[in-house]
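# Reading the structure
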Amino acid sequence: MPSLPQRVRTRAVVFRRIPYQEATAIYELFTYRLGRIKVLVRGARRPKSRWVSTLEPFHVIETVVHRRDTREIQTLQEARILQAYPALRTSYDRQRAAALLFDWIRHLVPEDTPAPRLYTLLERVFHQLATHGPSEALFVAFLLRAAEVLGYPPRLDRCRRCGDRRVAYLAATEGGALCSSCARQAQAPVVFVGTQGLARLQKLQKTPLSQAGSESVSGLLDPLLEFLEGVMDLRLPRPRAPQSPPWGGTP
Ligand SMILES: [Zn+2]
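Around the zinc ion, the donor atoms from the protein are Cys159 (SG), Cys162 (SG), Cys179 (SG) and Cys182 (SG), and they sit 2.3 Å away. In terms of primary sequence, the donors binding the zinc ion are separated according to C-x2-C-x16-C-x2-C. Within this pair, whereas Cys159 is found in the loop between α5 (136-149) and β6 (167-171), its partner Cys182 is found in helix α6 (residues 180-185), the two being separated by 23 residues in sequence. Across this residue pair, the class does not change: Cys159 and Cys182 are buried.

Here it is as structure tokens:
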């Protein structure tokens, strides 16, 4: 028996607008209660529609969604802006950085799958991004915490095989760090990060997000992505770099 339609009030971040028919648009939202969803908005393409200014990408909004299990696209009934983050739209680097976060979330959670802790993390990272701009450390901190809230907390403090604290590698099959000698014996692929690199990642796991941006993590994003891809069995997008990643430096 199909379940009854629900009226769900939830916070959401606007990812993007997809033009649809005539005056109608579809919006991709990441919501606190329903996860990543698509909603239909009638009248959203009329120039004077109140929806247009409310549903700008990067806005944090409060919504009322009319939801049916049987529908792929839900209906948006109400929306009001909670936080606009104009700084994210006026800076090209911040826009690119926010778009990369969206790309990662699309890969990390399937549509219609609630992930409230990931949602809360995204809002907190958005705040940092709007306030301080992008940094590689903020992205590394996001990924470390995203893995944790999704149930894959990377264990970095000691070798997952022998318990040695002198760790230098990451192994997806072990869900964390390995020492050099266990890494040599590993059957599955391992990622070299170095003792210092792993110490930095460990430190970043405990650093509040508001201070993460100033940590030094140069060169750690790629090995971390490779490790997390192995742990979660997916492929995560790299910074789209016509010239450079959104935090500057070499591509
Ligand atoms: Zn070991």
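A separate point is the pairing of β6. Within a regular strand, side chains alternate between the sheet's two faces. Across the five residues of β6, four count as buried, placing the element largely inside the fold. By the bridge criterion, four bridges tie β6 to strand β7 (residues 176-179) in an arrangement that is antiparallel. From the neighbouring strand, Tyr169 faces β7, where its bridge partner is Leu178. Pairing of β6 with strand β8 (residues 191-192), which is carried by two bridges, proceeds in the antiparallel orientation. The partner of Tyr169 across the bridge, within β8, is Phe192.

Here we come to the packing of α5 against helix α9 (residues 221-232). Packing of α5 against α9 leaves a shortest axis separation of 10 Å and a crossing angle of 15°. Comparing their axes, α9 and α5 come out roughly parallel. Between α5 and α9 the crossing geometry is left-handed. In this structure, α5 uses Glu136, Phe139, Val140, Leu143, Leu144 and Ala147 to contact α9, whose residues at the interface are Leu221, Leu224, Leu225, Leu228 and Met232. Its residues assigned to classes, the contact of α5 with α9 shows 10 nonpolar, no polar and one charged.

This next bit is on helix α4 (residues 116-132). With 17 residues, α4 should reach 24 Å at 1.5 Å per residue; the first-to-last C-alpha distance of 24 Å fits that figure. Looking at α4, one finds that the buried residues are Leu118, Tyr119, Leu121, Leu122, Glu123, Val125, Phe126, Gln128, Leu129 and Ala130. Gly133 sits one or two residues past α4 and shows a positive phi near 85°.

The next subject is the sheet that holds β8. Pairing in this open sheet of three strands is antiparallel, and the strands run β7-β6-β8 from one edge to the other. Looking at the sheet topology across the chains shown, the edges are occupied by β7 and β8. Sheet contacts for helix α7 (residues 195-206): β6 and β7; angle to β6, the most-contacted strand, approximately 70°.

About the thresholds
Residues numbered from 1 in each chain as written. Predicted model: local features only at pLDDT ≥ 70, side-chain atom pairs only at ≥ 80, totals over all residues. Heavy atoms only, no water. Donors = N, O, S within 2.8 Å, 3.2 Å for Na, K, Ca; no water. Helix = DSSP H or I, 4+ residues; strand = E, 2+ residues; numbered from the N terminus. Buried < 20%, exposed > 50% of the residue type's maximum accessible area, 1.4 Å probe, protein only. Pairing = 2+ DSSP bridges. Axes fitted to C-alpha atoms, helices over the stretch in contact; angles between N-to-C directions. Parallel < 35°, antiparallel > 145°, perpendicular 65-115°, else oblique. Left-handed = near helix turned anticlockwise from the far one by under 90°. Contact = heavy atoms within 4.5 Å. Nonpolar A, V, L, I, M, F, W, Y, C, P; charged D, E, K, R; others polar. Expected span 1.5 Å × (residues − 1).

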